[in-house]
Amino acid sequence: MCEHFGLDVVTAYMGHVQDNAEQAVRGVLGALRDGQCTYELDSGAVIEVAVRVDRSARTAEIDFTGTSPQVNGNFNAPSSVAMAAVLYVLRTLVADEIPLNSGCLKPVRVIIPPGCLLAPEYPAAVAAGNVETSQAITGALYKALGVMAEGSGTMNNITIGNARHQYYETVASGSGAGDGFDGTDVVQTHMTNSRLTDPEVLEWRYPVRLERHEIRHGSGGAGRWHGGSGGRREIRFAER
């Protein structure tokens, strides 16, 4: 691209893409309101987030002050994971077809206190921060913004294997509902964004049989706008 168009042109259009994303997010921020959420994890730790919107300036402050200190387990999430969740949420609020880029973050000031669950300090363990805590961050942000209910709040990680085989997958749950729409049944949500292995490929490569994968109808709850139903997935092992 640089050889064809020239470095100056390519650099300029990289800026244009980010400027366009910034304006798209500003357009969304102008319609949002302040909000707050306290999201409790299974461990008892909490993610505290407050969203303060300046509608005239079309900017926002996202403040994680009050979030629990880093924990002894591995559910701490590096601040880069928290920022990725913020970026993702902002992008999903934009209806226009724009590429995901850091321009979405320009109108936003994010506060993450050092040493908390979302900005741990060495030697904190962070293995589950990206695959679990990231989901909770997005759920907390959506609740604070009042745009969508939580889904399962987890990536539903499954790891199976023995000395010869190792396999990992995230099983889809249902997405949360919002004002005017139901959740979607058995779909990967938020920070997962992955697909399951095709049954034929799974059974061909591993000593397993996929006996059932179906919708758990009604598991998304009741209400005028109900959450998406989760799934039931049964795998039979042919080896130990």
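Not measured: the values here are computed from a predicted model.

J.: Sorry, what's going on with helix H3 (residues 79-93) here?
T.: Each full turn of the α-helix corresponds to 3.6 residues, which orients residues three or four apart in the same direction. Relative to the 21 Å expected for 15 residues at 1.5 Å per residue, H3 spans 22 Å between its end C-alpha atoms, a close match to the ideal helical length. Listed as buried for H3 are Val 81, Ala 82, Ala 85, Val 86, Leu 87, Val 89, Leu 90, Arg 91 and Leu 93. Residues of H3 that are buried in the fold lie against helix H2 (7-29), strand E3 (59-63), strand E4 (108-111) and helix H4 (129-145).

J.: Would you mind showing me how to read the pattern of salt bridges here?
T.: A side chain of one charge can pair with a side chain of the opposite charge when the charged atoms of the two come close. In the structure shown here, the tally under the stated rule is eleven salt bridges. Salt-bridge contacts for Arg 26 lead to Glu 22; the nearest nitrogen and oxygen are separated by 3.0 Å. Pair noted here: Arg 26 and Glu 22 are both in helix H2, with a separation of four residues, about one helical turn. Like Arg 26, the residue Glu 22 is buried in the burial classification. The closest approach of N and O atoms between Glu 239 and Arg 164, which form a salt bridge, is 2.6 Å. Of the two residues, Glu 239 sits in the segment after strand E8 (231-237) while Arg 164 sits in the loop between strand E5 (157-161) and strand E6 (166-170), which places them 75 residues apart along the sequence. The exposure class of Arg 164 is exposed, given its relative accessible area of 59%. Among the charged side chains, a salt-bridge network with shared partners connects Arg 52, Glu 61, Asp 63 and Arg 109.

J.: I tried to follow the pairing of E3 on my own but got confused; where do I start?
T.: On a regular strand, one side chain projects to one face of the sheet and the next to the other, so that they alternate. The element E3 is largely enclosed, with a buried count of four among its five residues. Judged from the five bridges that link them, strand E2 (residues 46-54) and E3 form a sheet pairing that is antiparallel. Note on E3: the bridge partner recorded for Val 51 is Ile 62. Connecting E2 to the antiparallel partner E3 that follows it, the hairpin turn spans four residues, and Arg 58 within it adopts a positive phi of roughly 55 degrees. Pairing of E3 with E4, which is carried by four bridges, proceeds in the parallel orientation. Residue pairing for E4: Asp 63 is matched across the bridge by Ile 111. Read from E3 through H3 to E4, the crossover connection turns out right-handed.

J.: Is there a simple way to explain H4 in this structure?
T.: With 17 residues, H4 extends 22 Å from end C-alpha to end C-alpha; this agrees with the ideal 24 Å at 1.5 Å per step. Counting buried positions along H4 gives 14 out of 17 residues, so the element sits mostly inside the fold. A positive backbone phi angle near 70 degrees is found at Gly 146, which sits one or two residues after H4.

J.: When you look at the sheet that holds E3 in this model, what are you seeing that I'm missing?
T.: Taking strand neighbours across the sheet as the criterion, the four strands line up as E1-E2-E3-E4 in an open arrangement whose pairing is mixed. Every other strand in the sheet has two partners, leaving strand E1 (35-40) and E4 as the edge strands with one partner each. If you compare each strand with its neighbour and ignore which way they point, the axes differ by 10 degrees on average. This element, H4, spans E1, E2 and E3 of the sheet and lies at about 40 degrees to E2.

J.: For this particular structure, what's the right way to read the environment of Gly 176?
T.: Among the structural elements, Gly 176 can be located in the loop between E6 and helix H5 (199-205). Under the relative-accessibility criterion, Gly 176 is labelled buried at 3%. For the pair Gly 176 and Glu 150, spaced 26 residues apart in sequence, the C-alpha to C-alpha distance is 5.0 Å. Beyond its immediate chain neighbours, meaning those up to four positions away, Gly 176 contacts Met 148, Ala 149, Glu 150, Gly 151, Phe 181 and Gly 183.

J.: Could you clarify how one ought to interpret the packing of H3 against H4 in this entry?
T.: To describe two helices that pack against each other, one gives the angle between their axes and the distance between the axes. Packing of H3 against H4 brings their axes to within 9 Å, and their N-to-C directions diverge by 45 degrees. On the basis of the axis angle, H3 is oblique to H4. The handedness of the crossing between H3 and H4 comes out as right-handed. Taken together, the residues of H4 that come into contact with H3 (itself represented by Val 81, Ala 82, Ala 85, Val 86, Tyr 88, Val 89, Thr 92 and Leu 93) are Gly 129, Asn 130, Ser 134, Ile 137, Thr 138, Leu 141, Tyr 142 and Leu 145.

J.: Would you mind going over the side chain of Ser 173 with me for this structure?
T.: Relative to the elements of secondary structure, Ser 173 occurs in the loop between E6 and H5. Judged by its relative accessible area of 10%, Ser 173 is buried. Separated by 2.9 Å, the side chains of Ser 173 and Ser 152 make a polar contact.

About the cut-offs
- Residues numbered from 1 in each chain as written.
- Predicted model: local features only at pLDDT ≥ 70, side-chain atom pairs only at ≥ 80, totals over all residues.
- Heavy atoms only, no water.
- Helix = DSSP H or I, 4+ residues; strand = E, 2+ residues; numbered from the N terminus.
- Expected span 1.5 Å × (residues − 1).
- Buried < 20%, exposed > 50% of the residue type's maximum accessible area, 1.4 Å probe, protein only.
- Contact = heavy atoms within 4.5 Å.
- Salt bridge = Lys/Arg side-chain N within 4 Å of Asp/Glu carboxyl O.
- Pairing = 2+ DSSP bridges.
- Right-handed = clockwise from strand over helix to strand, strands pointing away.
- Axes fitted to C-alpha atoms, helices over the stretch in contact; angles between N-to-C directions.
- Parallel < 35°, antiparallel > 145°, perpendicular 65-115°, else oblique.
- Left-handed = near helix turned anticlockwise from the far one by under 90°.
- Polar contact = N/O pair within 3.5 Å; in protein donor to acceptor, adjacent residues only side chain to side chain.

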